[in-house]
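Summary of structural features
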Amino acid sequence: MYRSVWLFVVSFFATAMLVNSNPNVEQPSPSALVDVSGFSLEMLLTNHDILHHMVRELREDALEQRQLIVENQVQLKRSLELLAALQQEANDRHARDSDELSKFYAESRKAIADNRIKQEQSVDLLAKIQLDMQRQREEIVKNRAECSEWNSEWQKAIANNQVQQERNTGLLHNLPSKLTELKLELSRQREEANRYQLTTEKHMEQLNGDHKQIRKALVNIQLDSYGSCKEVPTKVSGKYKIRMNENIAPSEAYCYQAILEGGWMDIQFRSSGALDFNRNWTDYRSGFGTVNGEQWIGLEKIYQFTKEHKCELYVGMKDFNETYKYARYDAFAIGSEAEGYYLKTLGTHSGTAGDSLRYSEGSKFSTPDRDNDANNNNCAQTWKGGWWFKSCHQAFLNGLHRNTSVQKEGKIEWYGFSNEWRGLSFSRMLIRPLD
(Lines give C-alpha, C1' and ligand atoms only; values in the text may rest on other atoms or scores of the structure.)
Protein backbone atom coordinates (compact mmCIF):
# COMPACT_ATOMS: atom_id res chain seq x y z
CA MET A 1 0.00 0.00 0.00
CA TYR A 2 2.81 2.46 0.90
CA ARG A 3 4.58 1.69 -2.36
CA SER A 4 1.45 2.55 -4.41
CA VAL A 5 1.13 5.96 -2.69
CA TRP A 6 4.77 6.84 -3.21
CA LEU A 7 4.64 5.76 -6.86
CA PHE A 8 1.63 7.98 -7.39
CA VAL A 9 3.34 11.05 -5.83
CA VAL A 10 6.60 10.51 -7.75
CA SER A 11 4.71 10.05 -11.02
CA PHE A 12 2.82 13.26 -10.43
CA PHE A 13 5.93 15.36 -9.80
CA ALA A 14 7.80 13.78 -12.71
CA THR A 15 4.98 14.67 -15.08
CA ALA A 16 4.92 18.24 -13.86
CA MET A 17 8.66 18.65 -14.28
CA LEU A 18 8.55 17.15 -17.74
CA VAL A 19 5.94 19.60 -18.86
CA ASN A 20 7.86 22.61 -17.52
CA SER A 21 11.19 21.57 -19.08
CA ASN A 22 9.95 20.71 -22.55
CA PRO A 23 10.54 23.66 -24.96
CA ASN A 24 8.11 22.32 -27.44
CA VAL A 25 5.38 22.65 -25.03
CA GLU A 26 3.65 25.94 -25.19
CA GLN A 27 4.10 27.91 -22.04
CA PRO A 28 0.96 29.18 -20.59
CA SER A 29 0.32 32.80 -19.87
CA PRO A 30 0.71 34.13 -16.35
CA SER A 31 -2.97 34.00 -15.77
CA ALA A 32 -3.01 30.51 -17.11
CA LEU A 33 -0.07 29.68 -14.87
CA VAL A 34 -2.00 31.00 -11.96
CA ASP A 35 -4.89 28.76 -12.97
CA VAL A 36 -2.60 25.86 -13.58
CA SER A 37 -0.75 26.43 -10.31
CA GLY A 38 -4.04 26.71 -8.53
CA PHE A 39 -5.22 23.54 -10.15
CA SER A 40 -1.96 21.76 -9.32
CA LEU A 41 -2.13 22.98 -5.76
CA GLU A 42 -5.66 21.80 -5.50
CA MET A 43 -4.69 18.47 -6.95
CA LEU A 44 -1.76 18.24 -4.56
CA LEU A 45 -4.00 19.03 -1.61
CA THR A 46 -6.53 16.52 -2.82
CA ASN A 47 -3.83 13.90 -3.27
CA HIS A 48 -2.43 14.77 0.14
CA ASP A 49 -5.83 14.21 1.71
CA ILE A 50 -6.15 10.98 -0.18
CA LEU A 51 -2.69 9.92 0.97
CA HIS A 52 -3.44 10.95 4.51
CA HIS A 53 -6.69 9.01 4.42
CA MET A 54 -4.93 5.99 2.95
CA VAL A 55 -2.18 6.17 5.57
CA ARG A 56 -4.81 6.34 8.32
CA GLU A 57 -6.59 3.34 6.82
CA LEU A 58 -3.28 1.53 6.59
CA ARG A 59 -2.60 2.27 10.24
CA GLU A 60 -6.06 1.09 11.21
CA ASP A 61 -5.54 -2.05 9.12
CA ALA A 62 -2.17 -2.55 10.77
CA LEU A 63 -3.76 -2.14 14.24
CA GLU A 64 -6.51 -4.60 13.32
CA GLN A 65 -3.89 -7.03 11.99
CA ARG A 66 -1.90 -6.67 15.19
CA GLN A 67 -5.05 -7.19 17.26
CA LEU A 68 -5.89 -10.28 15.19
CA ILE A 69 -2.32 -11.51 15.61
CA VAL A 70 -2.54 -11.01 19.38
CA GLU A 71 -5.91 -12.79 19.52
CA ASN A 72 -4.55 -15.59 17.34
CA GLN A 73 -1.51 -15.85 19.60
CA VAL A 74 -3.77 -16.04 22.68
CA GLN A 75 -5.94 -18.66 20.97
CA LEU A 76 -2.83 -20.54 19.87
CA LYS A 77 -1.44 -20.39 23.42
CA ARG A 78 -4.72 -21.76 24.80
CA SER A 79 -4.73 -24.51 22.18
CA LEU A 80 -1.13 -25.38 23.06
CA GLU A 81 -1.98 -25.40 26.78
CA LEU A 82 -5.00 -27.64 26.10
CA LEU A 83 -2.87 -29.96 23.98
CA ALA A 84 -0.22 -30.00 26.72
CA ALA A 85 -2.88 -30.83 29.36
CA LEU A 86 -4.29 -33.60 27.15
CA GLN A 87 -0.78 -34.92 26.57
CA GLN A 88 -0.05 -34.80 30.32
CA GLU A 89 -3.33 -36.58 31.11
CA ALA A 90 -2.52 -39.25 28.51
CA ASN A 91 0.97 -39.62 29.95
CA ASP A 92 -0.43 -39.87 33.51
CA ARG A 93 -3.00 -42.46 32.44
CA HIS A 94 -0.33 -44.41 30.61
CA ALA A 95 1.90 -44.20 33.68
CA ARG A 96 -0.92 -45.40 35.96
CA ASP A 97 -1.77 -48.28 33.62
CA SER A 98 1.92 -49.16 33.39
CA ASP A 99 2.26 -49.02 37.19
CA GLU A 100 -0.81 -51.21 37.71
CA LEU A 101 0.38 -53.69 35.10
CA SER A 102 3.87 -53.69 36.61
CA LYS A 103 2.37 -54.15 40.08
CA PHE A 104 0.25 -57.07 38.83
CA TYR A 105 3.25 -58.68 37.15
CA ALA A 106 5.35 -58.08 40.28
CA GLU A 107 2.70 -59.65 42.53
CA SER A 108 2.36 -62.62 40.19
CA ARG A 109 6.12 -63.08 40.09
CA LYS A 110 6.26 -62.72 43.88
CA ALA A 111 3.51 -65.32 44.38
CA ILE A 112 5.33 -67.73 42.06
CA ALA A 113 8.63 -66.99 43.79
CA ASP A 114 7.04 -67.48 47.24
CA ASN A 115 5.59 -70.80 46.13
CA ARG A 116 8.97 -71.89 44.84
CA ILE A 117 10.63 -70.72 48.04
CA LYS A 118 8.14 -72.72 50.11
CA GLN A 119 8.78 -75.81 48.01
CA GLU A 120 12.52 -75.29 48.36
CA GLN A 121 12.11 -74.75 52.10
CA SER A 122 10.13 -77.99 52.35
CA VAL A 123 12.85 -79.85 50.48
CA ASP A 124 15.54 -78.19 52.61
CA LEU A 125 13.62 -79.03 55.78
CA LEU A 126 13.29 -82.65 54.72
CA ALA A 127 17.01 -82.79 53.93
CA LYS A 128 17.83 -81.17 57.27
CA ILE A 129 15.62 -83.64 59.12
CA GLN A 130 17.31 -86.53 57.35
CA LEU A 131 20.73 -85.11 58.30
CA ASP A 132 19.59 -84.70 61.91
CA MET A 133 18.36 -88.28 61.98
CA GLN A 134 21.65 -89.45 60.52
CA ARG A 135 23.60 -87.47 63.13
CA GLN A 136 21.45 -88.86 65.91
CA ARG A 137 22.01 -92.40 64.65
CA GLU A 138 25.72 -91.73 64.58
CA GLU A 139 25.59 -90.33 68.13
CA ILE A 140 23.68 -93.42 69.29
CA VAL A 141 26.27 -95.67 67.69
CA LYS A 142 29.04 -93.57 69.24
CA ASN A 143 27.39 -93.70 72.70
CA ARG A 144 26.97 -97.44 72.42
CA ALA A 145 30.62 -97.77 71.47
CA GLU A 146 31.66 -95.57 74.40
CA CYS A 147 29.44 -97.53 76.73
CA SER A 148 30.93 -100.79 75.47
CA GLU A 149 34.44 -99.38 75.86
CA TRP A 150 33.65 -98.16 79.35
CA ASN A 151 32.24 -101.59 80.29
CA SER A 152 35.40 -103.19 78.95
CA GLU A 153 37.53 -100.82 80.99
CA TRP A 154 35.39 -101.46 84.02
CA GLN A 155 35.75 -105.20 83.60
CA LYS A 156 39.46 -104.72 83.11
CA ALA A 157 39.67 -102.61 86.26
CA ILE A 158 37.79 -105.27 88.20
CA ALA A 159 40.18 -107.88 86.87
CA ASN A 160 43.16 -105.75 87.85
CA ASN A 161 41.68 -105.28 91.31
CA GLN A 162 41.22 -109.00 91.66
CA VAL A 163 44.84 -109.57 90.65
CA GLN A 164 45.93 -106.96 93.15
CA GLN A 165 43.85 -108.62 95.82
CA GLU A 166 45.51 -111.96 95.13
CA ARG A 167 48.94 -110.35 95.32
CA ASN A 168 48.14 -108.76 98.65
CA THR A 169 46.68 -111.85 100.22
CA GLY A 170 49.91 -112.50 102.08
CA LEU A 171 50.03 -108.99 103.41
CA LEU A 172 47.63 -109.56 106.28
CA HIS A 173 48.47 -106.41 108.13
CA ASN A 174 47.45 -104.31 105.07
CA LEU A 175 44.50 -106.44 104.07
CA PRO A 176 41.71 -104.60 105.97
CA SER A 177 42.75 -101.22 104.67
CA LYS A 178 43.22 -102.49 101.14
CA LEU A 179 39.82 -104.18 101.21
CA THR A 180 38.24 -100.96 102.41
CA GLU A 181 39.90 -99.02 99.59
CA LEU A 182 38.79 -101.59 97.02
CA LYS A 183 35.24 -101.51 98.33
CA LEU A 184 35.18 -97.75 98.14
CA GLU A 185 36.61 -97.84 94.60
CA LEU A 186 34.09 -100.47 93.51
CA SER A 187 31.26 -98.47 95.10
CA ARG A 188 32.44 -95.33 93.30
CA GLN A 189 32.67 -97.18 90.00
CA ARG A 190 29.20 -98.66 90.48
CA GLU A 191 27.78 -95.18 91.16
CA GLU A 192 29.46 -93.84 88.04
CA ALA A 193 28.11 -96.76 86.03
CA ASN A 194 24.59 -96.13 87.37
CA ARG A 195 24.83 -92.41 86.59
CA TYR A 196 26.06 -93.16 83.08
CA GLN A 197 23.29 -95.69 82.52
CA LEU A 198 20.68 -93.19 83.77
CA THR A 199 22.11 -90.52 81.46
CA THR A 200 22.02 -92.95 78.55
CA GLU A 201 18.39 -93.88 79.25
CA LYS A 202 17.37 -90.20 79.39
CA HIS A 203 19.20 -89.59 76.13
CA MET A 204 17.38 -92.52 74.53
CA GLU A 205 14.03 -91.16 75.74
CA GLN A 206 14.88 -87.78 74.26
CA LEU A 207 15.84 -89.44 70.98
CA ASN A 208 12.53 -91.30 70.90
CA GLY A 209 10.65 -88.02 71.48
CA ASP A 210 12.65 -86.34 68.72
CA HIS A 211 11.86 -89.28 66.46
CA LYS A 212 8.12 -88.82 67.04
CA GLN A 213 8.38 -85.10 66.30
CA ILE A 214 10.33 -85.86 63.12
CA ARG A 215 7.64 -88.32 62.03
CA LYS A 216 4.97 -85.68 62.62
CA ALA A 217 6.98 -83.10 60.69
CA LEU A 218 7.44 -85.51 57.79
CA VAL A 219 3.70 -86.17 57.72
CA ASN A 220 2.97 -82.42 57.66
CA ILE A 221 5.33 -81.97 54.71
CA GLN A 222 3.12 -84.18 52.53
CA LEU A 223 1.84 -81.85 49.82
CA ASP A 224 -1.29 -83.84 48.99
CA SER A 225 -2.94 -83.78 52.43
CA TYR A 226 -3.45 -81.42 55.37
CA GLY A 227 -3.99 -81.77 59.11
CA SER A 228 -7.12 -79.60 58.86
CA CYS A 229 -8.81 -77.11 56.53
CA LYS A 230 -7.02 -74.29 58.39
CA GLU A 231 -3.73 -75.57 56.93
CA VAL A 232 -4.92 -75.24 53.31
CA PRO A 233 -2.75 -72.35 52.03
CA THR A 234 -4.97 -71.22 49.13
CA LYS A 235 -8.02 -70.39 51.30
CA VAL A 236 -10.27 -71.52 48.43
CA SER A 237 -13.36 -73.62 49.17
CA GLY A 238 -13.26 -77.10 47.65
CA LYS A 239 -12.28 -80.77 48.11
CA TYR A 240 -9.04 -81.54 49.96
CA LYS A 241 -7.46 -84.59 51.59
CA ILE A 242 -7.63 -84.13 55.37
CA ARG A 243 -5.92 -86.28 58.00
CA MET A 244 -8.67 -86.85 60.57
CA ASN A 245 -6.05 -88.47 62.79
CA GLU A 246 -2.27 -88.83 62.32
CA ASN A 247 -2.59 -92.61 62.63
CA ILE A 248 -5.11 -93.13 59.80
CA ALA A 249 -5.02 -92.44 56.06
CA PRO A 250 -6.25 -89.04 54.80
CA SER A 251 -9.88 -88.70 53.66
CA GLU A 252 -11.50 -86.33 51.20
CA ALA A 253 -13.46 -83.52 52.83
CA TYR A 254 -15.01 -80.23 51.74
CA CYS A 255 -13.21 -77.18 53.14
CA TYR A 256 -15.46 -74.12 53.43
CA GLN A 257 -13.47 -70.85 53.40
CA ALA A 258 -16.29 -68.29 52.87
CA ILE A 259 -17.06 -67.30 56.48
CA LEU A 260 -15.17 -66.20 59.60
CA GLU A 261 -11.68 -66.33 58.01
CA GLY A 262 -12.23 -69.84 56.63
CA GLY A 263 -10.66 -73.12 57.77
CA TRP A 264 -14.05 -74.89 58.29
CA MET A 265 -14.73 -78.54 57.36
CA ASP A 266 -18.18 -79.69 56.25
CA ILE A 267 -19.60 -82.54 58.38
CA GLN A 268 -23.23 -82.16 57.20
CA PHE A 269 -24.85 -80.33 54.27
CA ARG A 270 -28.50 -80.16 53.10
CA SER A 271 -29.84 -77.95 50.31
CA SER A 272 -32.05 -79.65 47.71
CA GLY A 273 -33.38 -82.68 49.55
CA ALA A 274 -32.11 -85.01 46.82
CA LEU A 275 -30.08 -87.13 49.28
CA ASP A 276 -31.97 -89.56 51.58
CA PHE A 277 -30.89 -89.17 55.26
CA ASN A 278 -33.17 -91.94 56.56
CA ARG A 279 -30.28 -94.45 56.84
CA ASN A 280 -28.89 -97.16 59.13
CA TRP A 281 -26.10 -97.10 61.72
CA THR A 282 -23.41 -98.29 59.29
CA ASP A 283 -24.09 -95.44 56.85
CA TYR A 284 -24.05 -92.81 59.60
CA ARG A 285 -20.83 -94.25 61.00
CA SER A 286 -19.00 -94.34 57.65
CA GLY A 287 -20.66 -91.36 55.95
CA PHE A 288 -22.67 -90.94 52.74
CA GLY A 289 -23.33 -88.44 49.95
CA THR A 290 -20.83 -86.49 47.82
CA VAL A 291 -18.00 -84.38 49.22
CA ASN A 292 -18.95 -81.26 47.24
CA GLY A 293 -22.71 -81.79 47.55
CA GLU A 294 -25.25 -82.99 50.08
CA GLN A 295 -23.48 -85.26 52.57
CA TRP A 296 -22.95 -86.67 56.04
CA ILE A 297 -19.18 -87.02 56.57
CA GLY A 298 -19.45 -89.91 59.04
CA LEU A 299 -19.48 -90.27 62.84
CA GLU A 300 -16.13 -92.07 62.98
CA LYS A 301 -14.38 -89.25 61.10
CA ILE A 302 -16.01 -86.64 63.36
CA TYR A 303 -14.87 -88.61 66.43
CA GLN A 304 -11.28 -89.04 65.19
CA PHE A 305 -11.00 -85.34 64.22
CA THR A 306 -12.49 -83.96 67.47
CA LYS A 307 -10.29 -86.39 69.40
CA GLU A 308 -7.18 -85.05 67.59
CA HIS A 309 -8.19 -81.34 67.78
CA LYS A 310 -10.14 -79.07 70.10
CA CYS A 311 -12.89 -77.84 67.78
CA GLU A 312 -15.67 -75.28 67.47
CA LEU A 313 -18.99 -75.81 65.64
CA TYR A 314 -20.85 -73.52 63.22
CA VAL A 315 -24.40 -74.34 62.02
CA GLY A 316 -25.86 -72.29 59.14
CA MET A 317 -29.58 -72.58 58.27
CA LYS A 318 -32.19 -71.13 55.88
CA ASP A 319 -35.94 -71.50 55.77
CA PHE A 320 -38.03 -71.68 52.60
CA ASN A 321 -38.29 -67.86 52.60
CA GLU A 322 -34.48 -67.65 52.19
CA THR A 323 -34.04 -66.23 55.71
CA TYR A 324 -30.54 -67.13 56.92
CA LYS A 325 -29.54 -67.64 60.57
CA TYR A 326 -26.70 -69.37 62.35
CA ALA A 327 -25.70 -70.89 65.69
CA ARG A 328 -22.09 -71.11 66.84
CA TYR A 329 -20.55 -73.13 69.71
CA ASP A 330 -17.01 -72.46 70.90
CA ALA A 331 -16.40 -76.17 71.70
CA PHE A 332 -17.59 -79.42 70.09
CA ALA A 333 -16.64 -83.12 70.38
CA ILE A 334 -18.29 -86.54 70.28
CA GLY A 335 -17.43 -89.87 71.90
CA SER A 336 -16.26 -93.12 70.29
CA GLU A 337 -18.45 -95.80 68.73
CA ALA A 338 -18.20 -97.82 71.95
CA GLU A 339 -19.70 -94.79 73.70
CA GLY A 340 -22.48 -94.48 71.12
CA TYR A 341 -20.87 -91.41 69.51
CA TYR A 342 -22.56 -89.34 72.24
CA LEU A 343 -22.50 -85.54 72.09
CA LYS A 344 -19.58 -85.22 74.50
CA THR A 345 -18.79 -81.50 74.40
CA LEU A 346 -20.94 -78.51 73.42
CA GLY A 347 -19.49 -75.09 74.31
CA THR A 348 -20.96 -71.64 74.77
CA HIS A 349 -23.63 -70.64 72.24
CA SER A 350 -23.76 -67.46 70.12
CA GLY A 351 -25.52 -66.43 66.89
CA THR A 352 -28.87 -65.44 65.42
CA ALA A 353 -30.53 -68.87 65.82
CA GLY A 354 -31.39 -70.11 69.31
CA ASP A 355 -29.47 -72.68 71.38
CA SER A 356 -31.62 -75.64 70.27
CA LEU A 357 -28.78 -78.21 70.11
CA ARG A 358 -28.26 -77.84 73.89
CA TYR A 359 -31.16 -80.23 74.48
CA SER A 360 -29.14 -83.05 72.83
CA GLU A 361 -25.93 -82.50 74.86
CA GLY A 362 -24.78 -85.79 76.42
CA SER A 363 -27.14 -87.88 74.25
CA LYS A 364 -26.00 -90.87 72.21
CA PHE A 365 -26.53 -91.02 68.46
CA SER A 366 -29.55 -93.04 67.27
CA THR A 367 -30.57 -94.44 63.89
CA PRO A 368 -33.69 -96.33 62.79
CA ASP A 369 -31.88 -99.65 63.39
CA ARG A 370 -30.14 -98.63 66.67
CA ASP A 371 -32.24 -97.01 69.38
CA ASN A 372 -30.02 -95.16 71.91
CA ASP A 373 -32.47 -92.41 72.95
CA ALA A 374 -34.31 -91.89 76.25
CA ASN A 375 -37.79 -92.08 74.69
CA ASN A 376 -40.04 -95.13 74.93
CA ASN A 377 -40.23 -95.13 71.14
CA ASN A 378 -37.37 -95.02 68.64
CA CYS A 379 -37.11 -91.30 67.77
CA ALA A 380 -35.01 -92.07 64.66
CA GLN A 381 -37.78 -94.31 63.29
CA THR A 382 -40.45 -91.74 64.15
CA TRP A 383 -38.67 -88.77 62.56
CA LYS A 384 -36.98 -90.68 59.68
CA GLY A 385 -33.28 -89.99 60.26
CA GLY A 386 -30.27 -90.34 62.57
CA TRP A 387 -29.45 -87.77 65.30
CA TRP A 388 -28.39 -87.20 68.90
CA PHE A 389 -31.93 -87.84 70.14
CA LYS A 390 -32.86 -87.43 73.77
CA SER A 391 -36.66 -87.57 74.02
CA CYS A 392 -36.71 -86.66 71.15
CA HIS A 393 -35.26 -83.29 69.94
CA GLN A 394 -35.38 -79.52 69.66
CA ALA A 395 -32.94 -79.53 66.77
CA PHE A 396 -32.90 -82.18 64.02
CA LEU A 397 -31.04 -81.36 60.79
CA ASN A 398 -31.17 -84.87 59.26
CA GLY A 399 -34.95 -84.93 58.85
CA LEU A 400 -37.10 -84.94 55.73
CA HIS A 401 -36.75 -81.98 53.35
CA ARG A 402 -40.27 -80.50 53.69
CA ASN A 403 -41.82 -77.03 53.63
CA THR A 404 -44.24 -77.41 56.53
CA SER A 405 -44.86 -75.94 59.99
CA VAL A 406 -46.91 -78.86 61.37
CA GLN A 407 -45.20 -79.99 64.57
CA LYS A 408 -45.75 -83.73 64.23
CA GLU A 409 -44.54 -83.96 60.61
CA GLY A 410 -40.92 -84.98 60.04
CA LYS A 411 -38.72 -82.23 58.60
CA ILE A 412 -35.40 -80.38 59.01
CA GLU A 413 -35.89 -78.53 62.30
CA TRP A 414 -34.20 -76.06 64.64
CA TYR A 415 -36.81 -74.76 67.05
CA GLY A 416 -34.78 -71.69 68.01
CA PHE A 417 -34.66 -70.53 64.37
CA SER A 418 -38.08 -68.86 64.72
CA ASN A 419 -39.39 -70.38 68.00
CA GLU A 420 -41.75 -72.63 66.04
CA TRP A 421 -41.56 -76.00 64.29
CA ARG A 422 -40.96 -74.52 60.83
CA GLY A 423 -39.29 -76.73 58.20
CA LEU A 424 -35.90 -75.58 56.93
CA SER A 425 -34.64 -75.81 53.34
CA PHE A 426 -30.91 -75.57 54.02
CA SER A 427 -28.45 -76.62 56.74
CA ARG A 428 -24.65 -76.80 56.97
CA MET A 429 -22.66 -78.08 59.94
CA LEU A 430 -19.01 -77.01 60.04
CA ILE A 431 -16.19 -77.71 62.50
CA ARG A 432 -12.81 -75.98 62.83
CA PRO A 433 -9.80 -76.57 65.11
CA LEU A 434 -9.28 -73.95 67.81
CA ASP A 435 -5.49 -74.40 67.83
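Use the structure listed above.
We now turn to the structure provided with this report. (Residues numbered from 1 in each chain as written. Predicted model: local features only at pLDDT ≥ 70, side-chain atom pairs only at ≥ 80, totals over all residues. Heavy atoms only, no water.)

1. Examining unusual backbone geometry
Note: most peptide bonds trans; most residues except glycine with negative phi. A cis amide bond links S391 with the next residue in sequence, C392, at an omega value of -10 degrees. You can see C392 is positioned in the loop between helix 6 (379-383) and strand 10 (395-396). Notably, Y341 is not glycine yet its phi reads approximately 50 degrees, a positive angle. Using a relative accessible area of 0% as the deciding quantity, one classes Y341 as buried. The phi dihedral of N419 falls on the positive side, at around 60 degrees, and the residue is not glycine. Along the chain, N419 falls in the loop between strand 11 (413-414) and strand 12 (424-433). Using a relative accessible area of 56% as the deciding quantity, one classes N419 as exposed. (Helix = DSSP H or I, 4+ residues; strand = E, 2+ residues; numbered from the N terminus. Buried < 20%, exposed > 50% of the residue type's maximum accessible area, 1.4 Å probe, protein only.)

2. A short note on the side chain of S360
The topology assignment puts S360 in the loop between strand 9 (349-351) and helix 6. Under the relative-accessibility criterion, S360 is labelled buried at 0%. Polar side-chain contacts of S360 include one of 2.8 Å to the backbone oxygen of W388. Those residues in contact with S360 that lie beyond four places of it in its chain are L343, W387 and W388. (Polar contact = N/O pair within 3.5 Å; in protein donor to acceptor, adjacent residues only side chain to side chain. Contact = heavy atoms within 4.5 Å.)

3. Focus: the state of the cysteines
A complete count under the given rule lists two disulfides for this structure. Paired through a disulfide, C229 and C255 show a sulfur-sulfur distance of 2.1 Å. What sets the handedness of the C229 and C255 disulfide is the S-S torsion sign, and at about -75 degrees it is left-handed. Pair noted here: C229 is in the loop between helix 3 (175-221) and strand 1 (238-242) and C255 is in strand 2 (residues 251-256), with a separation of 26 residues, a long-range link. Note on C255: relative accessible area 0%, which makes it buried. For the protein chain, the disulfide bridges join cysteines in the arrangement 1-2, 3-4, where the cysteines are counted in sequence order. (Disulfide = S-S within 2.5 Å.)

4. Digging into a negative patch on the surface
Negative charge collects at one region of the surface, where E57, E60, D61 and E64 lie side by side. Its place among the elements puts D61 in helix 2 (residues 30-167). (Patch = residues over 30% accessible without salt bridge, like charges linked within 9 Å, V, L, I, M, F, W, Y side chains within 5 Å. Areas by Shrake-Rupley, 256 points an atom, 1.4 Å probe, with all protein chains shown as cover. Salt bridge = Lys/Arg side-chain N within 4 Å of Asp/Glu carboxyl O. Lys, Arg positive; Asp, Glu negative; His and termini not counted. Charge placed at Lys NZ, Arg CZ, Asp CG, Glu CD.)

5. Overview of the packing of aromatic side chains
To describe a pair of aromatic rings, one takes the distance between the centres and the angle between the planes. Scanning the entire structure with this criterion turns up 17 aromatic pairs. Seen from their ring centres, F269 and F426 are 5.5 Å apart, and the 80 degrees between their planes marks the pair as edge-to-face. Taken together, the positions of F269 in strand 3 (residues 264-270) and F426 in strand 12 put the pair 157 residues apart, joining distant regions of the chain. Accessibility assignment for this pair places F269 and F426 in one class, buried. Every member of this aromatic cluster is reached through a ring pair, and the members are F277, Y284, F288, W296, F332, F365, W387, W388, F389 and F396. Directly above the aromatic system of F277 lies the positively charged group of R270, at a separation of 4.1 Å from the ring centroid. Between the NZ or CZ atom of R428 and the centre of the ring of Y256, over which it lies, the distance is 4.2 Å. (Phe/Tyr/Trp six-rings, centres within 6.5 Å; stacked < 30°, edge-to-face > 60°. Lys NZ or Arg CZ within 6 Å of the ring centre and 35° of its normal.)

6. Side note on the pattern of salt bridges
The tally for this structure, following the rule as stated, stands at 13 salt bridges. Where R428 meets D266, a salt bridge forms, and the shortest distance between an N and an O atom there is 3.0 Å. Linking R428 in strand 12 with D266 in strand 3, this pair joins segments that are 162 residues apart in sequence. In this structure R428 comes out as buried when scored by relative accessible area, which is 12%. Residue classification places D266 among the buried positions, given a relative accessible area of 1%. Two residues, E312 and R328, come together in a salt bridge whose shortest N-O distance is 3.0 Å. Residue E312 is located in strand 6 (residues 311-319), and its partner R328 is located in strand 7 (residues 324-334); the two are separated by 16 residues in the primary sequence. E312 gets classed as buried once you look at its relative accessible area, which sits at 6%.

7. With respect to the nonpolar core
Judged by nonpolar contacts, the single largest core of 51 residues is most densely connected at I242, M265, L313, F332, W388 and W414. Those residues in contact with M265 that lie beyond four places of it in its chain are C229, I242, M244, A253, Y254, I297, F305, M429, L430 and I431. Within the second largest apolar cluster, seven residues are counted, among which are Y256, I259, W264 and L430. (Core = buried A, V, L, I, M, F, W, Y, C linked by side-chain atoms within 4.5 Å.)

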